[in-house]
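Per-entry structural report
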Amino acid sequence: MPSFTVNVNAAALEELERRLGEAVLADRIKALSEEILLEIGERLKGLTKEKTPVDTGDLRGNWYLSGITWHGDTVELALYNNTEYAPFVEYGHAQEVGRYVPAIGKRLVVPLSPGFFMMTQSEAEMENIIPALVKTRVEEYLREALGSV
């Protein structure tokens, strides 16, 4: 099953907390990390759904985000699709030329069905967006925590 995992190291935010002292609380840094990660996850899910080909709509409708989990200073969230054929659509697959497929009412004519790479392409797009998104969210948080910066 295709999956994409985002890891955010909270150590840099905790260093900011140390420097700002009482103005920044550890629980708020943790919550901020989770808020940022959820926003990234929702955007990734949206981009991936847009790129997912539609036949019955099952594949497009089965993109989900896992729950947030913490591993030390790292917070994790995974995008996944539990549709049985999702990996074949994402990455492509080999086919037996000449085999009859009742579901489509045809014989296969090409040896390789190319992948759509809907999640792979969306991940690449998000990698370009994430730094600015994180910067904006941290700046917003600092303005709230410290008044106007």
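Placed above this text is the structure.
One structure accompanies this document, and this report is about it. (Residues numbered from 1 in each chain as written. Predicted model: local features only at pLDDT ≥ 70, side-chain atom pairs only at ≥ 80, totals over all residues. Heavy atoms only, no water.)

**So, the overall build of the chain**
A tally of regular secondary structure across the chain gives five helices and eight strands. The helix and strand sequence of the chain, counted from the amino end, reads β-α-α-α-β-β-β-α-β-β-β-β-α. Counting only residues that meet the buried cut, the chain has 31% of its 149 residues in that class. The contacts in the chain between residues at least 6 apart in sequence include a share of 64% that link residues at least 24 apart. As displayed, the chain has an accessible area near 9100 Å², and 54% of this comes from carbon and sulfur atoms. (Helix = DSSP H or I, 4+ residues; strand = E, 2+ residues; numbered from the N terminus. Buried < 20%, exposed > 50% of the residue type's maximum accessible area, 1.4 Å probe, protein only. Contact = heavy atoms within 4.5 Å. Areas by Shrake-Rupley, 256 points an atom, 1.4 Å probe, with all protein chains shown as cover.)

**Things to note about the pattern of salt bridges**
Going through the model one piece at a time under the given rule, you end up with seven salt bridges. Between arginine 43 and glutamate 39 there is a salt bridge, with the nearest N and O atoms lying 3.2 Å from each other. Of the two residues, arginine 43 and glutamate 39 both sit in helix α2 (residues 26-51), four residues apart, roughly one turn of that helix. Look at arginine 43 and you get partly exposed, because its relative accessible area is 37%. A salt bridge links glutamate 140 to arginine 137; its shortest N-O distance comes to 3.2 Å. Highlighted residues: glutamate 140 and arginine 137, both in helix α5 (residues 118-146), separated by three residues, approximately one helical turn. Three or more residues joined by partner-sharing salt bridges are found here, namely Glu39, Arg43, Arg137 and Glu140. (Salt bridge = Lys/Arg side-chain N within 4 Å of Asp/Glu carboxyl O.)

**Quick notes on the nonpolar core**
Counting 23 residues, the largest nonpolar core has Ile36, Leu79 and Val138 as its most contacted members. In this structure, isoleucine 36 is in contact with Leu133, Val134, Arg137 and Val138, ignoring residues within four places of it in sequence. (Core = buried A, V, L, I, M, F, W, Y, C linked by side-chain atoms within 4.5 Å.)

**Brief notes about the side chain of threonine 83**
Here threonine 83 lies in the loop between β4 (74-81) and α4 (86-91). Judged by relative accessible area, threonine 83 falls into the buried class, the value being 9%. A polar contact of 3.1 Å, which involves the side chain of threonine 83, links it to the side chain of asparagine 62. Engagement of the side chain of threonine 83 in a polar contact is seen with the side chain of asparagine 81, the distance being 2.7 Å. In contact with threonine 83, other than residues within four places in its own chain, are Asp58, Leu59 and Asn62. (Polar contact = N/O pair within 3.5 Å; in protein donor to acceptor, adjacent residues only side chain to side chain.)

**Points about the layout of surface pockets**
The computed volume of the largest pocket comes to approximately 650 Å³. Every residue lining the largest pocket is counted, 22 residues in all, and those nearest its centre are Asp55, Tyr85, Val89, His93 and Ile104. Looking at the lining of the largest pocket, the elements with two or more residues in it are α3 (58-61), α4, β5 (92-94) and β8 (112-114). At three residues, α3 tops the list of elements feeding residues into the lining of the largest pocket. For the lining of the largest pocket, the per-class residue count stands at 13 nonpolar, five polar and four charged. (1 Å grid on protein atoms, 1.4 Å probe; cavity = no way out; pocket = protein on both sides within 12 Å on 5 of 7 lines; lining within 4 Å. Points joined across faces, edges and corners; volume = space filled by probe spheres on them. Nonpolar A, V, L, I, M, F, W, Y, C, P; charged D, E, K, R; others polar.)

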